[in-house]
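# Per-entry structural report
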Amino acid sequence: MSGTDIPAFTPADLAAVAGRWGLDPELVDRLGPAIDRMRDVYGRVRNLATEGRAPEPPPVAVTRVPRGPDNPYGAWLHRIDDPGLPGNGPLAGRTVTVKESIAVRGVPMTLGSRLMAGFVPGSDSVVVGRVRDAGGVVVGTSVCEDLCYSGSSFTSAHGPVGNPWDPRRSAGGSSSGAAVLVATGQADYGIGTDHGGSVRNPAAWCGVFGLKPTYGIIDYDGAMPTERTLDHIGVLTRNAADLVAFLEATATPPPGGEHESYTGGYAREIAGLRAGILAEGFGWPGRSDPRLDGEVREAARALERLGLTVSEVSVPLHRYGRDIHLPISIEGGLTTVFESRLQGNNHFGPYHPNFGETFGQALVSRPQDIPAGGVLALVGATLLRDATHGKVMAYAQQLRLRLREQIDRALREVDLLVLPTVPMPPHPLPADPREAVIDTDLPFEMHDNNCVFNLTGHPALSVPCGFVDGLPVGMLLVGRPGTDARLIRVAAEFEERVFRCPPPPSRHDHHEAPGGLPAARSGR
């Protein structure tokens, strides 16, 4: 490749840029030769990076799973025809599904969107590679929301994902399929991403455990970025104790833990820990269901049966977390998703050129395929950033620090916070998904409590704790950074001694997992 492979810029191109930035068109035109020299440099960089590079590995054999008897909730995207034999390690023989916004070598990665149709990553994401190294068996990919721009489960280009407790209702999102496949026993683990609650929302609504770990302990490389300081890899399981093995396999040592293993942290006794019911997590005007709030408060009080003390604490800025999250998320997403073509900038990488090129070409040639939620974020962020010159986003970043300080202060008074994962039970799936995005708050109404801890990076674990109208309720446990294993131990004791969520009503026989592997394991 050479610089000439990048099309020459015409006088009209130069004039368009001058108009976009309000520059002197004559000056921009005279700079044309200098810009051509820059174009040549781009060509040399591309040559240098691609010279001698091995060809991309071929796609692996997969089966696209249509909605039907084998996929009644629309949760599967692809099954891997030959997932391989189980290996050795903490995840030996455990079956794993991966959200389609996380790279699995040779398997189509569409981000729930028409924009990425046909894209196949040539390598595993870091988390998938570590799962394989730990003996886990990656059996397929799960459906997610279109570009992950929804906390519900009705915007995916592949169709809605139904809740296993009531298929007419949302499963939660954007890691919707992952939660359903775990809840229905079709996989031991579902790996997802969590930008504002996208693992914990579906965990709460599907009746499974959903962990957003301490920020940064699971490498995000190979997953679709939205805003790098908010993005987390998360995981869903049916049993709390299974989360420890996943962290041992995939996470770095917990910060501040003097390299204690996650298994070691999990083994510590929890009697004597202090739980704080977070007052501001309850009673959201117009959104909270008081019956759900009651279930969570009752579950929090039941922690006393495990030897914890329970009191009430306050974090005033928690009530404004969703407001603080918005400018950071949409302006960061404008830069990361749209302007830099899913690459982000000003970080040490790694970067994924083919991924960015595919997305960038689609944006240029098929902008009509940008989902309504993506258009909302793109247009809103562009207008608001231009109108405020980024000042409000900067204010939001200042408030973010104050919010974290308030939570850290509360977590000096207590060892963990307790609040509802989401304020309401799962809503009905809308008849017209596009109109629901345009005219309602359905894609975002569930984020009030969860998005706060993407801003602050604290570990947050959704624990099934009861039912409202036959639909699961999630209790959120939040701890200090690095105390992920302690939260898991509290959740496991709660599951063992207070409440164990039963499986959802059976609508399909899942005695055998894909590829003839043993069926996913049930409870302990």
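In every chain, residue numbers begin from 1 and rise along the written sequence. Local features are withheld for residues below a pLDDT of 70 in this predicted model, meaning they are given only at 70 or higher, and side-chain atom pairs are given and counted only at 80 or more; totals for whole chains, interfaces and linings count all residues. As a rule here, side-chain values cover all heavy atoms of the structure and leave hydrogens and water aside.

## Thoughts on the overall build of the protein
We apply this condition: Under the DSSP-based scheme used, a helix requires at least four consecutive residues in state H or I and a strand at least two consecutive residues in state E, with every element numbered from the N terminus. In this description the radius of gyration comes from C-alpha coordinates, and the expected globular size is given by 2.2 Å times residues to the power 0.38. Buried, partly exposed and exposed residues are distinguished by accessible area as a fraction of the type maximum, computed with a 1.4 Å probe on protein chains only: under 20%, between the cut-offs, and over 50%, respectively. Throughout, a contact is declared for two residues whenever any of their heavy atoms are within 4.5 Å. Note on areas: Shrake-Rupley, 1.4 Å probe, and residue coverage restricted to the protein chains presented here. In this count, Lys and Arg are taken as positive residues and Asp and Glu as negative ones, while His and the chain termini are left out. Charge positions come from single atoms, namely NZ of Lys, CZ of Arg, CG of Asp or CD of Glu.
Within the protein one finds 16 helices and 14 strands. The C-alpha atoms of the protein give a radius of gyration of 23 Å, which matches the 24 Å a tight globule of 524 residues would have. Dimensions of the protein, computed from C-alpha atoms along their principal axes, come out at roughly 75 × 50 × 50 Å. Here the protein, with 524 residues, has 56% of them falling under the buried criterion. Contacts in the protein between residues far apart in sequence, at least 24 positions, make up 76% of those at least 6 positions apart. Within the structure as shown, the protein displays about 21,800 Å² of accessible surface, and the carbon and sulfur contribution to it stands at 56%. Taking the 49 positively charged and 59 negatively charged side chains of the protein as two groups, their mean positions are separated by 2 Å.

## What about the packing of aromatic side chains?
Going by this rule: Pairing of aromatic side chains here covers Phe, Tyr and the six-membered ring of Trp, requires ring centres within 6.5 Å, and sorts the geometry by plane angle: under 30 degrees stacked, over 60 edge-to-face, intermediate tilted.
Under the definition given, this model contains five aromatic pairs. For the pair Trp165 and Phe467, a centre-to-centre distance of 5.1 Å together with 65° between the ring planes defines the contact as edge-to-face. With Trp165 in the loop between β5 (162-163) and β6 (166-170) and Phe467 in strand β13 (residues 460-468), this pair connects stretches of sequence that are 302 residues apart. On the basis of relative accessible area, Trp165 is assigned to the buried category, the value being 13%.

## Observations regarding the pairing of strand β10 (residues 274-278)
Rule in force here: Any two strands between which DSSP finds at least two bridges are classified as paired. Assignment of crossover handedness uses the view with strands pointing away from the viewer, where a clockwise path from the first strand over the helix to the second indicates a right-handed crossover.
Among the five residues of β10, four are classified as buried, and the element is accordingly described as predominantly covered. Where β10 and strand β11 (residues 309-313) come together, five bridges link them in parallel fashion. Across the sheet, Leu278 pairs through a bridge with Val313, a residue of β11. In this fold, β10 hands off to helix α9 (residues 290-302), which returns the chain to β11; that crossover is right-handed. Relative to strand β12 (residues 416-420), β10 runs parallel, the two sharing three bridges.

## With respect to the nonpolar core
Which entries qualify depends on this criterion: Residues belong to a common nonpolar core when they are buried Ala, Val, Leu, Ile, Met, Phe, Trp, Tyr or Cys residues joined through side-chain atoms within 4.5 Å.
Within the largest apolar cluster, 85 residues are counted, with the highest numbers of intra-cluster contacts made by Ile191, Phe246, Leu303, Leu461, Met475, Leu477 and Phe494. Tallying contributions element by element places helix α16 (residues 484-497) first for this core, with seven residues. Formed by 21 residues, the second largest nonpolar core is a distinct cluster that contains Ala171, Ala178, Ala179 and Leu181.

## Notes on the environment of Ala251
Summarising the element assignment, Ala251 is placed in the loop between α7 (242-250) and α8 (262-267). Residue class for Ala251 comes out buried when judged on its relative accessible area of 16%. Sequence separation between Ala251 and Ile218 is 33 residues; the distance between their C-alpha atoms is 4.6 Å. The residues touching Ala251, leaving out its near neighbours within four places in the chain, are Ile217, Ile218, Phe246 and Tyr262.

## Brief notes about the pattern of salt bridges
Between side chains of opposite charge, a pair can form as their charged atoms come close. Rules: Counted as salt bridges are all cases of a side-chain nitrogen of Lys or Arg within 4 Å of a carboxyl oxygen of Asp or Glu.
Applying the stated criterion to the full structure yields 28 salt bridges. As a salt-bridge pair, Arg132 and Asp124 come within 2.7 Å of each other at their nearest N and O atoms. A salt bridge links Arg385 to Glu339, with the nearest nitrogen and oxygen atoms 2.6 Å apart. Here Glu339 lies in helix α10 (residues 321-339) and Arg385 lies in helix α12 (residues 372-388), a separation of 46 residues in the sequence. Given the relative accessible area of 23%, Arg385 is considered partly exposed.

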